[in-house]
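Structural overview
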Amino acid sequence: MKFSLPNHSALASAAQIVYASMPATAQYAWPILCETLGTEVWLKHENHTPTGAFKVRGGLVYLHELLQREPALRGVISATRGNHGQSIAYAARPHGLKVTIVVPLGNSAEKNAAMRALGADLIEHGNDFQESREHAMALAQQQGWHMVPSLHTDLVRGVATYWMEFFTAQPDLDVVYVPIGQGSGICGAVAARNALGLRTKIIGVVSSHALAYKLSFEQGKNIASPVTTVLADGMACRVPDDASLAVIFEHVAEIVAVSDEEIAAAMKLLFLSTHNVAEGAGAAALAAALQNKAALAGLKVGLSLSGGNVDHDKYAEVLTQTRWAA
């Protein structure tokens, strides 16, 4: 797949598509978060999109452009742990387009229900995202459906609109922390920062139970790594995407790994300090900032609350610390 970071003009046109379906999301400097981290911290609320996560922006732009190119398209298929699938189903619904989504066995019951409610046909196949993606690709070929990838310039164009909002509202952020799944989020952050000519340091965040991107970053090549996280499903990547890795190698300063226990603590802190629900990946940026607290003194910090789609029983465990005590 040929991939290049979108420029300012491409991001502006993506914003027109996104804002036809949803408003910009807010960013706030919550006092307790600032107090806890000992510095000025701004939290971008991508949990307030129509699907509860940042991915919907990419789905809106991707489907818009795809249908411009292929107006007679019969159907699309993709693989997901949840938020990407919701974004495709949400974007396709106004067009009456058939959507099939493949998820791993044992995937989030509530994310599955959300995708079905948006009209997607759900197939449960494989033990992890990579196996689901391979099955989706095979089905796409068999059925003549369009396979929606996890990373594409149009997906990044859409996702980058939230970073354009964030960096425009707070252009003097010293550092931002960005969770990494397959890479559209961090590529969007890089694209927006570069388009605006800012010097903000971008730090990626992975699960310490899904280290593929961190190991690849450190060794300068694509390294697969087993996935064992049970809380950060949005970061459960076993095999990195080569295109997003190339962007990360060139433009990202550092990658930090956070454990499920650290993520659980950040999820709880987000609720206590902002009364917002964060899924595991959605709390990863805060978890990384807490881990790096000593280095952040005097800096203006940006964090992404990238999604709030967590099953209620798992969230109850987090809030009561019945399982996630550090």
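Residues numbered from 1 in each chain as written. Predicted model: local features only at pLDDT ≥ 70, side-chain atom pairs only at ≥ 80, totals over all residues. Heavy atoms only, no water.

**A look at the pattern of salt bridges**
As a reminder of what qualifies: Salt bridges are defined as contacts in which a side-chain nitrogen from Lys or Arg sits within 4 Å of a carboxyl oxygen from Asp or Glu. Elements are defined by DSSP. Helices are runs of H or I of four residues or more, strands are runs of E of two residues or more, and each kind is numbered from the N terminus. The cut-offs for exposure are 20% and 50% of the maximum accessible area for each residue type, with area from a 1.4 Å probe on protein chains only; residues under the lower value are buried, those over the upper are exposed, and the others partly exposed.
Throughout the structure, instances matching the rule amount to 13 salt bridges. For Asp172, the salt bridge is made with Lys300, and the minimal N-O distance between the two is 2.6 Å. With Asp172 in the loop between α7 (153–169) and β7 (175–179) and Lys300 in strand β10 (residues 300–305), this pair connects stretches of sequence that are 128 residues apart. Accessibility expressed as a relative area gives 46% for Asp172, which makes it partly exposed.

**Quick word on the packing of helix α1 (residues 8–19) against α7**
This is how it is decided: The axes used here are C-alpha line fits, helices contributing only the stretch in contact, and every angle between their N-to-C directions lies in the interval 0 to 180 degrees. Should an angle fall under 35 degrees it is taken as roughly parallel, and over 145 as roughly antiparallel, whereas 65 to 115 is taken as roughly perpendicular and any remaining angle as oblique. Between two residues, a contact is recorded if the distance between any of their heavy atoms is within 4.5 Å.
The N-to-C vectors of α1 and α7 enclose an angle of 95 degrees; their axes lie 8 Å apart at closest approach. In terms of orientation, α1 lies roughly perpendicular with respect to α7. When α1 is examined against α7, the residues His8, Ala10, Leu11, Ser13, Ala14, Ala15, Ile17, Val18 and Tyr19 are found in contact with a partner set consisting of Arg157, Gly158, Ala160, Thr161, Met164 and Glu165.

**Points about the pairing of strand β5 (residues 121–124)**
We count it as follows: At least two bridges found by DSSP between two strands is the condition for calling them paired. With its strands directed away from the observer, a crossover is right-handed exactly when the path from the first strand over the helix to the second travels clockwise.
Pairing of strand β4 (residues 98–103) with β5 involves 4 bridges; the strand directions are parallel. Among the inter-strand pairings, Thr100 is bridged to a residue of β5, identified as Asp121. What joins β4 to β5 is helix α5 (residues 109–117), and the crossover it makes is right-handed.

**A short note on empty space enclosed by the protein**
Worth spelling out the cut-off: Any residue with an atom within 4 Å of a point lines the site, the site being either a cavity, points on a 1 Å grid over the protein atoms alone where a 1.4 Å probe fits but cannot get out, or a pocket, an open set with protein on both sides within 12 Å along at least 5 of 7 lines. Grid points are joined across faces, edges and corners, and a volume is the space filled by probe spheres set on the points. In this classification, Asp, Glu, Lys and Arg are treated as charged, Ala, Val, Leu, Ile, Met, Phe, Trp, Tyr, Cys and Pro as nonpolar, and every other residue, Gly included, as polar.
Under the counting rule described, the total for this entry stands at 2 cavities of 30 Å³ or more. The volume enclosed by the largest cavity comes to roughly 360 Å³. Considering the residues around the largest cavity, the lining is formed by 27 residues, among which Lys55, Gly181, Gln182, Gly234 and Met235 are closest to the centre. Elements supplying a minimum of two residues to the lining of the largest cavity: α4 (83–92) and α8 (184–196). When grouped by side-chain class, the residues that make up the lining of the largest cavity number 9 nonpolar, 13 polar and 5 charged. There is about 40 Å³ of room inside the second largest cavity. Together, Lys55, Gly58, His84, Ser150, Leu155, Val159 and Ser184 line the second largest cavity. Looking at the lining of the second largest cavity, the elements with two or more residues in it are α3 (55–69) and α7. For the lining of the second largest cavity, a count of residues per class yields 2 nonpolar, 4 polar and 1 charged.

**Regarding α1**
For an α-helix, 3.6 residues make a turn, and residues three or four places apart therefore share a direction. Spelled out, the test is: Residue count minus one, scaled by 1.5 Å, sets the expected span of a helix. By construction, the arc corresponds to the directions joining the helix axis to the C-beta atoms.
Its 12 residues give α1 an end-to-end C-alpha distance of 16 Å, which sits within 8% of 16 Å, the value for a rise of 1.5 Å per residue. Regarding α1, the residues found buried are Ala10, Leu11, Ala14, Ala15, Ile17 and Val18. For α1, the buried positions fall inside an angular range of 160 degrees around the axis, keeping them on one side. Turned more than 90 degrees away from the buried face of α1, the exposed residues are Ser9 and Gln16. In this fold, the buried residues of α1 make contact with α3, α7 and α8.

**Some remarks on the state of the cysteines**
Put simply, the rule is: Cysteine sulfur atoms that pair up within 2.5 Å are treated as a disulfide.
If you walk through the whole model with that rule in mind, you get 0 disulfides. Cys237 carries a free sulfur, and the closest cysteine sulfur to it, the one in Cys187, is 12 Å from it. The class for Cys237 is buried, based on a relative accessible area of 3%.

**Description of the nonpolar core**
Where we set the bar: Joining through side-chain atoms within 4.5 Å is the link that ties buried Ala, Val, Leu, Ile, Met, Phe, Trp, Tyr and Cys residues into a set, and such a set is a nonpolar core.
Core analysis: the largest hydrophobic core is formed by 36 residues, its most contacted members being Tyr177, Val258, Ile263, Met267, Leu270, Leu286 and Leu303. In this structure Leu270 touches Leu33, Leu43, His275, Asn276, Ala278, Gly282, Ala283, Leu286 and Leu305, once residues within four positions along its chain are discounted. If you look at the next biggest cluster of nonpolar residues, it comprises 34 residues, including Val156, Val190, Ile202 and Val206.

**Some points on the layout of surface pockets**
By volume, the largest pocket amounts to about 310 Å³. For the largest pocket, the lining is made up of 22 residues, of which Arg81, Gly106, Val230, Asp233 and Lys314 are closest to its centre. Residues that form the lining of the largest pocket fall into these classes: 7 nonpolar, 8 polar and 7 charged. One number sums up the size of the second largest pocket: a volume of about 230 Å³. Surrounding the second largest pocket, 11 residues form its lining, Arg133, Met137, Pro149, Ser150 and Asp241 being those nearest its centre. For the lining of the second largest pocket, a count of residues per class yields 6 nonpolar, 2 polar and 3 charged.

**A few points about the pairing of β7**
Most of β7 sits out of view: 5 of its 5 residues are buried. Pairing geometry for β7 and strand β8 (residues 201–207), over 5 bridges, is parallel. Opposite Val175, over in β8, you have Lys201 as the bridge partner. Once you follow β7 into α8 and on to β8, the crossover reads as right-handed. Of the strand pairs in this sheet, β7 and β10 are connected by 3 bridges, and their pairing is parallel. Looking at the pairing, Tyr177 lines up with Leu303 of β10.

In short, geometric facts, not functional conclusions.
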